[in-house]
Amino acid sequence: MLLLSFITGYLYFNRAASAISRLKKAAESIRRTEYITSPPLTRRDELGELAEGIYFMSKEIERSIAAKDEEQRKLQLAVTKLQALEQQQKQYIGNISHEFKTPLTSIKAYVDLLNMYDDDPKLLLEAKTNIAKESDRLYEMVDKVLQLTALEKYDFESQAELFEVAEGLRDICGRMNGKAERFGLTITLEAEPVHIWIDKESFMHIFINLIDNAIKYNVPQGAVHLRSEVRKGRVWITISDTGIGIPAEARDKIFEPFYTVNRDRSRASGGTGLGLSLVRNLVEKQNGSIVLLETEGEGSAFQLSFPVMA
Ligand code: ADP
């Protein structure tokens, strides 16, 4: 009897000890962040329940650590974005001060010269021309910077209305024809009639800026062509020109404020480097998109799209 109870006790104790050892191993692997994929043992007693408990605990820890890692990744992404934004803003402020100082320095220099030689008719004429040119540039720049700031900082008061695209484009082309003719250029339009829901002023602003660029950066006897078509619930408007084109290395920077491919050419035509940045902001505020298309050979082409009225 004694021997039998000893053997039974020994076997029972041995089984329990091996179960405890498996539970211990499972706990250790969880500690090493090697989570278990099934309960360490299956028994219908308290040890079995403990094994189930360890398994569920392991799954829970794995899930919450994965969630924490995901949160950390998102936070890191947000911090990186914020840092890039801060850097962009610093550069923007730096550019503003530089770009504003240049015309002001020139105006101030002419005023100083006029104070010294106010009876020099040649200087007077030169000063008049340059002060007028620089103050126009300054005015243009202040206007665009204020518009950009308003678009970015405040909830833009957009007065969306039902708008017929073909008619709108015809009107804008008509307005820009005079300038195009002065440059010896022709503007052509091929537009499909379609209604969109948009702020009319923004639409005008966007296309006047783009056509203005297509004229400014064109070549004598060149052309500007606008085409609109409806596809997949959107109106796609392409504006292409036969001008000097945009080099491949400038493609990514073209929409950045104050970016110009050729500062002198841009200055000479009254450019500020803010036009495309403003255009992109306006387009996005109207739920649209704008891309610079890849053009083979001459000229540049921008494609815009807006959702059409259902
Ligand atoms: P800008 O006032 O200098 O014209 P934008 O922001 O409108 O400024 O354009 C940025 C730069 O992109 C311009 O300085 C010019 O170098 C280039 N660019 C814009 N549109 C065209 C175009 N249609 N053809 C060639 N270059 C262009």
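What comes next is a walk through the structure. Everything quoted here is computed from the prediction, not taken from an experiment. (Residues numbered from 1 in each chain as written. Predicted model: local features only at pLDDT ≥ 70, side-chain atom pairs only at ≥ 80, totals over all residues. Heavy atoms only, no water.)

Inspection of the region around the ligand gives 19 residues, with Asn-213, Tyr-217, Ser-266, Thr-272 and Leu-276 positioned closest. Contact with the protein chains covers 98% of the free accessible surface of the ligand, which is 530 Å². For the shell around the ligand, the secondary structure elements donating two or more residues are helix H5 (200–216) and helix H7 (275–285). Top element by residues in the shell around the ligand is H5. It accounts for three residues. When grouped by side-chain class, the residues that make up the shell around the ligand number eight nonpolar, nine polar and two charged. (Near = heavy atom within 4 Å. Areas by Shrake-Rupley, 256 points an atom, 1.4 Å probe, with all protein chains shown as cover. Helix = DSSP H or I, 4+ residues; strand = E, 2+ residues; numbered from the N terminus. Nonpolar A, V, L, I, M, F, W, Y, C, P; charged D, E, K, R; others polar.)

This brings us to the packing of helix H2 (residues 46–116) against helix H3 (residues 121–153). Taken N-terminus to C-terminus, the directions of H2 and H3 make an angle of 160°; their axes are 9 Å apart at the nearest point. Considering the angle they form, H2 stands roughly antiparallel to H3. The way H2 lies across H3 gives a crossing that is left-handed. Its residues placed into classes, the contact of H2 with H3 shows 19 nonpolar, five polar and five charged. (Axes fitted to C-alpha atoms, helices over the stretch in contact; angles between N-to-C directions. Parallel < 35°, antiparallel > 145°, perpendicular 65-115°, else oblique. Left-handed = near helix turned anticlockwise from the far one by under 90°.)

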